[in-house]
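Structural characterization, general
Okay, here's what each chain looks like letter by letter:
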Amino acid sequence: MAAISKIATGNGHGENSAYFDGWKAYETNPFHPTDRPDGVIQMGLAENQLCFDFIEKWLMEHPEASICTAEGVSKFKETALFQDYHGIPEFRQAVAKFMGKVRGDRVKFDPDRIVMSGGATGAHEMVAFCLADPGEAFLVPTPYYPGFDRDLRWRTGVELVPVVCDSANDFKITIDSLQSAYHKAQEANIKIKGLLITNPSNPLGTFMDKETLKNIINFVNEKNIHLIGDEIYAATVFMEPEFVSISEVIEEVECNRDLIHIVYSLSKDMGFPGFRVGIVYSYNDTVTSCARKMSSFGLVSSQTQHLIATMLSNDEFIDNFVAESRERLFKRHKYFTWALSQIGICSLKSNAGLFIWMDLRKLLKEKTFEAEMDLWRVIIDEVKLNVSPGSSFHCHEPGWFRVCFANMDINSMEIALSRIRNFMVKNNETMVPPRNKLWRRTSLKLSLSRSLSRKMDDFIMSPSIMSPQSPLVQART
Amino acid sequence: MGLLSRKVTCNSHGQDSSYFLGWQEYEKNPYHEVNNPQGIIQMGLAENQLSFDLPESWLAKNADAAGFKRDGQSIFKELALFQDYHGLPAFKKALVDFMAEIRGNKVTFDPSHIVLTAGATSANETLMFCLAEQGDAFLLPTPYYPGFDRDLKWRTGVEIVPIQCTSSNRFQITAPALDEAYQQAQRKNLRVKGVLVTNPSNPLGTTMRRDELDLLINFITDKEIHLISDEIYSGTVFSSPGFVSIMEVLKDRSLEQTPVWERVHIVYSLSKDLGLPGFRVGAIYSNDPIVVAAATKMSSFGLVSSQTQYLLSAMLSDKKFTKEYMAKNHKRLQKQQSRLVSGLEKAGIGCLESNAGLFCWVDMRHLLSSNTFEAEMELWKRIVYDVKLNISPGSSCHCSEPGWFRVCFANISEDTLKLAMQRLKSFVDSVAINNQNHQELKNSRKKFRTKWVFRLSFQSFHDREQDER
């Protein structure tokens with residue numbers, strides 16, 4: 001009789017999906033430059049590892065950021081005792097300021113609306129608990145982060161209804177597709193409570209323009225449903241145009257602010273997934289108050305709050321960090337996509353995120369998800385790279401893969417590229433000229449000005465970047 | 001259509017209860033020795049503030065753990081990236097060893113069976129999600145920690161059915177009370193999935209005796225249900241009888257290979273035993289690998305910060321530190337508890353004899369104007385607003401008898417405690433004088449006798465005279 005719950009024994013945790021299979025393969029045989037040079041290289045993990053030296057330098061210069069050092073221990077007791085779910089005031093202020101800075105200070109965030117959660121994972125679940133009852137649903141544009149299946153649905157009983165986006169228009173969300181998904185749900189008697197967008201997008205690495213966001217806001221207002229904007233990649237925008245946040249757009253259009261909620265985190269922008277700093281920022285007072293009570297189930301460790309408060313209230317550090325991070329992401333992305341294009345592999349043009357949305361449709365034996373899985377197994381087992389197949393992101397077209405580039409050093413990336421190159425050559429997929437070391441070094445001393453004044457046009461016209469329309473790509477059938 | 005979920009609009013977060021109202025009053029007018037000596041003294045907060053000097057001096061001697069270093073090398077990056085829900089292995093090992101140490105090493109724990117969560121708050125909720133469906137019930141002995149109403153019920157949809165315990169036997173759980181609770185659940189069409197006990201008890205401050213634990217094991221075996229033992233105060237046992245963990249009893253009865261073994265789960269935390277509530281370190285320990293697996297995945301919603309795991313793994317692996325901490329902490333708790341008990345005695349107030357926890361379960365029944373919960377609320381309001389002490393009324397803990405209050409002692413200094421007791425004595429004296437005057441003035445037909453109530457031991461409990469009302 002003492003069965004365990006259905007939630008516990010069911011598959012709602014979503015870990016039987018392919019997204020996690022690759023991780024398992026990686027874990028049994030992880031790459032290491034000296035110990036395991038033939039191991040699987042992890043390119044399925046959206047982590048930002050490019051700026052740790054920068055942060056560590058700051059930490060060495062600011063020992064008071066830790067409550068355990070001689071300089072910080074005077075705060076140990078009060079911090080260790082602090083369990084108020086409002087959060088340490090300095091922490092909220094610092095996070096609100098950081099969020100504003102990441103949006104170019106075009107918008108201000110109110111520290112009193114900052115609610116903590118156990119990472120963005122905890123934030124999403126909390127928002128779902130606040131906005132929907134079991135059986136109700138959120139619209140989510142595809143492709144989307146596989147974790148949403150667990151975070152929004154598992155323990156809440158809420159459903160997800162996909163809004164299909166496809167490559168014909170670079171996977172952009174259209175009002176037509178939103179309307180269509182909404183009406184289909186209505187016909188099936190599913191009550192839609194909200195729309196969840198990830199902006200910048202995971203896995204696409206793109207973000208929405210102001211026009212699209214305005215249309216989306218009009219849509220949710222018209223339908224009187226919530227808009228949840230997951231903006232956890234906001235500071236990973238490494239190239240113009242500037243990121244536009246929902247928080248900016250609602251200042252410009254008529255909008256019922258009770259419908260607007262933002263999910264944020266420091267896991268991607270700062271590279272701190274281990275510290276579990278998730279934030280719910282809602283413009284709805286009732287939701288803010290309720291979420292704050294719910295945050296008891298996933299408060300941020302006060303030790304971490306103190307560290308983050310100290311770090312993020314340092315204006316100079318933040319300004320430098322944001323600029324430096326952007327520059328390093330830009331360089332890494334540019335090199336990676338260029339090198340891939342040399343091998344005849346292209347990806348969706350992107351200017352944000354820690355990954356690219358790689359187009360391997362031409363490598364499929366046939367246009368099916370089975371073929372995608374076959375190709376994926378080959379990539380894991382033969383090429384020895386863990387990448388994430390598009391089907392795990394609920395992509396409706398087979399052949400797309402998310403490949404992360406910011407979670408490794410440049411040498412590992414070179415090795416990954418050479419493995420891909422060898423694979424392509426072996427399979428006669430491309431006539432690849434011998435790798436020219438000079439190409440890499442001479443290209444691109446890019447100095448990214450703080451105001452991101454570099455125009456997109458310059459980029460497109462550069463001969464070193466291959467667009468999907470390149471004749472080299474179309475050479476294969 | 002309702003714009004927000006039912007969870008938002010209902011009251012299951014429990015924060016309209018008096019337990020929290022007292023806190024709010026305190027926050028408006030908090031006592032401070034120098035800045036606000038007339039303010040409200042916080043005695044409603046079960047925190048341990050008596051032993052901070054110990055971790056602080058440990059930190060001074062262990063710079064590496066303090067500064068994100070291992071052997072002098074920075075491991076900041078490694079920690080910042082570590083988000084594996086299996087937890088830092090070194091921390092889990094140190095934690096289970098610490099748990100064993102608290103239990104006199106009479107039981108040992110396997111690190112692969114422990115799941116780390118963001119505080120016991122999250123651990124309790126997660127266990128509910130794992131063990132019960134919406135509409136199922138857990139039986140809880142009263143009085144119980146008010147937070148359970150939120151933690152166990154709010155987002156899970158699980159119900160709590162009380163096992164009524166009374167002062168007639170020191171609020172111990174009895175077989176008839178268990179049966180009655182079970183039947184009550186059935187009458188309400190609720191499927192009982194298990195029993196949850198807090199041992200040592202909050203708010204009673206007592207440890208469960210072996211016969212009680214045996215009774216529970218027999219009950220859950222018979223009904224084939226789960227038992228959750230919330231043992232977050234296990235490290236605060238400062239006098240005899242010692243702490244007996246449910247695991248120890250199962251072991252002593254050689255029940256490891258039987259079905260009941262996998263239906264017993266422990267909740268732990270470092271908030272009370274180590275006095276670190278801000279760090280959000282909780283844990284679930286289960287003998288059932290399916291529960292461990294499910295809870296581990298669920299812990300994604302509230303992992304322990306890797307920064308904190310690292311610091312505490314270093315601290316708890318230092319056996320010299322843990323031994324010293326436990327010994328000194330126990331002594332300080334015992335001393336402070338004695339001060340509270342004797343202070344209450346001087347005011348003619350008794351309390352349940354206790355050997356653990358950060359609070360006493362205080363008997364103020366004789367101060368009630370009537371044997372009702374309304375009278376308890378009246379008395380509570382006077383204590384908060386007039387006596388300026390925030391204490392927790394028994395009704396907020398679902399106690400079945402009016403007149404009991406939980407009074408915390410470990411979150412204030414000796415001097416503040418002394419002051420609190422003085423205020424209380426003045427209050428009680430004034431009540432006595434008022435009553436006397438009232439009598440003389442009114443010439444009431446009913447005799448009203450106050451009798452100084454002495455420190456209640458188990459033997460004298462039954463001897464205590466009931467005041468006539």
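Residues numbered from 1 in each chain as written. Chains lettered and ligands numbered in written order. Predicted model: local features only at pLDDT ≥ 70, side-chain atom pairs only at ≥ 80, totals over all residues. Heavy atoms only, no water.

For chain B, the name recorded in an unreviewed UniProt entry is 1-aminocyclopropane-1-carboxylate synthase, with Gossypium gossypioides as its organism. Per UniProt, the comment on chain B under Cofactor (unreviewed entry) is "pyridoxal 5'-phosphate". Heading Catalytic activity (unreviewed entry) of the UniProt record for chain B holds this comment: "S-adenosyl-L-methionine = 1-aminocyclopropane-1-carboxylate + S-methyl-5'-thioadenosine + H(+)". (UniProt positions renumbered as here; feature names shortened; annotations may be inferred.)

In the nomenclature of an unreviewed UniProt entry, chain A corresponds to 1-aminocyclopropane-1-carboxylate synthase from the organism Gossypium gossypioides. Per UniProt, chain A carries the Cofactor (unreviewed entry) text "pyridoxal 5'-phosphate". The UniProt entry for chain A carries this comment under Pathway (unreviewed entry): "Alkene biosynthesis; ethylene biosynthesis via S-adenosyl-L-methionine; ethylene from S-adenosyl-L-methionine: step 1/2."

**Things to note about the overall build of chain A**
Within chain A, the secondary structure is distributed over 18 helices and 13 strands. In chain A, buried positions account for 62% of the 477 residues. In chain A, 76% of the contacts between residues at least 6 apart in sequence involve partners at least 24 apart. As presented, chain A carries roughly 18300 Å² of accessible surface, and 50% of it is formed by carbon and sulfur atoms. (Helix = DSSP H or I, 4+ residues; strand = E, 2+ residues; numbered from the N terminus. Buried < 20%, exposed > 50% of the residue type's maximum accessible area, 1.4 Å probe, protein only. Contact = heavy atoms within 4.5 Å. Areas by Shrake-Rupley, 256 points an atom, 1.4 Å probe, with all protein chains shown as cover.)

**Quick look at the packing of aromatic side chains**
Applying the stated criterion across every chain yields a total of 36 aromatic pairs over all chains. Plain terms: the ring middles of A:Trp154 and B:Phe301 are 6.4 Å apart, the flat faces sit at 45° to each other, and that makes the pair tilted. Here B:Phe301 lies in the loop between helix 12 (289-298) and helix 13 (306-317) and A:Trp154 lies in the loop between helix 7 (147-153) and strand 4 (159-163), a pairing that spans two chains. Residue classification places B:Phe301 among the buried residues on the basis of a relative accessible area of 5%. Taking the centre distance of 6.1 Å and the plane angle of 50° together, the rings of B:Trp58 and B:Phe321 count as tilted. With a gap of 263 residues between them, B:Trp58 in helix 3 (residues 53-61) and B:Phe321 in helix 14 (residues 319-346) connect regions that are remote in the sequence. (Phe/Tyr/Trp six-rings, centres within 6.5 Å; stacked < 30°, edge-to-face > 60°.)

**Comments concerning the sheet that holds strand 13 (residues 400-404) of chain A**
Residue and element names in this part refer to chain A. Spatial ordering of the open sheet is given by 9-10-13-12, a layout of 4 strands whose pairing is antiparallel. This sheet does not close on itself; its edge strands, each paired only once, are strand 9 (346-347) and strand 12 (388-389). Bridge count between strand 10 (residues 355-359) and strand 13: 5 bridges; the pairing is antiparallel. In the strand pairing of strand 13, Trp357 is matched with Arg402. In the packing of helix 13 (residues 315-342) onto the sheet, contacts are made with strand 9, strand 10 and strand 13, and the angle to strand 10 comes to roughly 15°. Those strands touched by helix 14 (residues 369-383) are strand 12 and strand 13, and its axis lies near 30° from that of strand 13. (Pairing = 2+ DSSP bridges. Axes fitted to C-alpha atoms, helices over the stretch in contact; angles between N-to-C directions.)

**Observations concerning the domain arrangement of chain B**
Residues and elements named next belong to chain B. Along its sequence, chain B is carved into domain 1 (6-52 + 325-427) and domain 2 (67-322). For domain 1 and domain 2, the distance between their C-alpha centroids amounts to 25 Å. Counting residues at the interface gives 37 residues for domain 1 and 43 residues for domain 2. Summing both sides of the interface, domain 1 and domain 2 together bury roughly 3400 Å²; the carbon and sulfur share of this comes to 60%. It is Tyr325, Met326 and Asn355 in domain 1 that bury the most area against domain 2; as a group they hold 21% of the surface buried on that side. Applying the counting rule to domain 1 against domain 2 returns 0 salt bridges. The interface formed by domain 1 and domain 2 includes 24 residue pairs in polar contact (both at pLDDT 80 or more). The leading source of residues in the side of domain 1 that touches domain 2 is helix 14, at 7 residues. Broken down by class, the residue content of the side of domain 1 that touches domain 2 amounts to 17 nonpolar, 14 polar and 6 charged. (Domains from an automatic or database assignment. Buried area = accessible area lost by both parts, 1.4 Å probe. Salt bridge = Lys/Arg side-chain N within 4 Å of Asp/Glu carboxyl O. Polar contact = N/O pair within 3.5 Å; in protein donor to acceptor, adjacent residues only side chain to side chain. Nonpolar A, V, L, I, M, F, W, Y, C, P; charged D, E, K, R; others polar.)

**Brief notes about the pattern of salt bridges**
Residue and element names in this part refer to chain A. Following the criterion strictly, the structure yields 48 salt bridges over all chains and no others. Arg155 serves as the salt-bridge partner of Glu125, at 2.7 Å between the closest nitrogen and oxygen. One end of the pair, Glu125, is in helix 6 (residues 119-131); the other, Arg155, is in the loop between helix 7 and strand 4, and 30 residues separate them in sequence. Each member of the pair, Glu125 as well as Arg155, is classed as buried.

**Some points on the pairing of strand 2 (residues 114-118) of chain A**
Residues and elements named next belong to chain A. Within strand 2, 5 of the 5 residues are buried, leaving the element largely enclosed by the surrounding structure. Neither face of strand 2 is exposed, since Ile114, Met116 and Gly118 on one face and Val115 and Ser117 on the opposite face are all buried. In terms of strand pairing, strand 2 meets strand 8 (residues 277-282) through 5 bridges, oriented antiparallel. Across the sheet, the residue bridging to Ser117 is Gly278, located in strand 8.

**Some points on the packing of helix 5 (residues 89-102) of chain A against helix 13 of chain A**
Residues and elements named next belong to chain A. With their axes 11 Å apart at the nearest point, helix 5 and helix 13 run at an angle of 40° to one another. It follows that helix 5 is oblique to helix 13 by the angle criterion. As for how helix 5 packs across helix 13, the hand of that crossing is right-handed. Contacts between helix 5 and helix 13 involve Lys97, Phe98, Lys101 and Val102 from the first element and Asp315, Ile318, Asp319, Val322 and Arg326 from the second. (Parallel < 35°, antiparallel > 145°, perpendicular 65-115°, else oblique. Left-handed = near helix turned anticlockwise from the far one by under 90°.)

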